[in-house]
Amino acid sequence: VQLQASGGGLVQAGGSLRLSCAASGSSFNIRVMGWYRQTPGNKREMVATTATGGSTTYAESVKGRFTISRDYAKNTVYLQMNSLKPDDTAVYYCHAEVASGPLLVSNWGQGTQVTVSS
């Protein structure tokens, strides 16, 4: 599975951005899609995930501000980010867990920079 992320950019605090991640290849085997983010010197952290069937998880820091959604027809996952804060500044990565026999294989897209100015 190949993942192509887009939608990052520069926004002022309080503003909004929407990230998109389009999956291609064996996308019918995707079990979970999500977004992670990373800042220099820190570990990559989960932001939001959505599983086939609809369950979602969010990091505490983004609950109530970010919404993850998935368009199965377009094989695309979105992250709507509202009320952005400078602490949300990071490189955001799209992620997919893909079933391969009895295993789940991680696939990562290229990062997209989100910068929130104060």
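Right above here is the structure, for reference.
About the criteria used
Residues numbered from 1 in each chain as written. Predicted model: local features only at pLDDT ≥ 70, side-chain atom pairs only at ≥ 80, totals over all residues. Heavy atoms only, no water. Pairing = 2+ DSSP bridges. Helix = DSSP H or I, 4+ residues; strand = E, 2+ residues; numbered from the N terminus. Axes fitted to C-alpha atoms, helices over the stretch in contact; angles between N-to-C directions. Salt bridge = Lys/Arg side-chain N within 4 Å of Asp/Glu carboxyl O. Buried < 20%, exposed > 50% of the residue type's maximum accessible area, 1.4 Å probe, protein only. Contact = heavy atoms within 4.5 Å. Phe/Tyr/Trp six-rings, centres within 6.5 Å; stacked < 30°, edge-to-face > 60°. Lys NZ or Arg CZ within 6 Å of the ring centre and 35° of its normal.

Caption draft 1: The arrangement of the sheet that holds strand β1 (residues 2-6) in detail. Within the open sheet, the four strands sit side by side as β1-β3-β8-β7. Their pairing is antiparallel. If you trace the sheet from one side to the other, it starts and ends with β1 and β7 (66-71), each paired once. Averaged over all pairs of adjacent strands, the angle between their axes in this sheet comes to 15°, without regard to strand direction. Bridge count for strand β3 (residues 17-24) against strand β8 (residues 76-81) is six bridges, and the pairing is antiparallel. Its bridge partner lying in β8, C21 is registered against V77.

Caption draft 2: Examining the pattern of salt bridges more closely. For the structure on display, the rule yields four salt bridges. A salt bridge links R37 to E45; its shortest N-O distance comes to 2.7 Å. Residue D88 is joined to R65 by a salt bridge in which the shortest nitrogen-to-oxygen separation is 2.8 Å. Within this pair, whereas D88 is found in the loop between β8 and β9 (90-100), its partner R65 is found in the loop between β6 (56-58) and β7, the two being separated by 23 residues in sequence. Several salt bridges share partner residues, and in doing so they unite R37, E45, R65 and D88 into one network.

Caption draft 3: Spatial organisation of the environment of R18. Its place among the elements puts R18 in strand β3. Residue R18 is classed as partly exposed on the basis of its relative accessible area, which comes to 46%. Expressed as a C-alpha distance, the spacing of R18 and T52, which sit 34 residues apart in the sequence, is 21 Å. Each residue touching R18, except ones within four places of it in the same chain, is listed here: S6, G7, Y78, L79 and Q80.

Caption draft 4: Up close: unusual backbone geometry. You will see that N75, though not glycine, has its phi angle at about 50°, which is positive. As for its position among the elements, N75 is in the loop between β7 and β8. Exposure remark for N75: the relative accessible area of 30% places this residue in the partly exposed category. Unlike most non-glycine residues, S83 shows phi in positive territory, near 50°. Residue placement: S83 occurs in the loop between β8 and β9. Judged by its relative accessible area of 40%, S83 is partly exposed.

Caption draft 5: Structural view of the packing of aromatic side chains. Scanning all chains against the criterion turns up two aromatic pairs. Arranged with centres 5.1 Å apart and planes meeting at 75°, the rings of Y36 and W108 form a pair that is edge-to-face. Within this pair, whereas Y36 is found in strand β4 (residues 30-38), its partner W108 is found in strand β10 (residues 103-108), the two being separated by 72 residues in sequence. By relative accessible area, Y36 is classed as buried at 19%. Under the relative-accessibility criterion, W108 is labelled partly exposed at 39%. Between Y93 and W108 the ring centres are 6.5 Å apart and the planes differ by 90°, which places this aromatic pair in the edge-to-face class. Of this pair, Y93 sits in strand β9 while W108 sits in strand β10, and the two are 15 residues apart along the sequence. Members of the aromatic cluster, joined through ring pairs, are Y36, Y93 and W108. Over the ring of Y93 we find R44, and its NZ or CZ is 3.6 Å from the ring centre.

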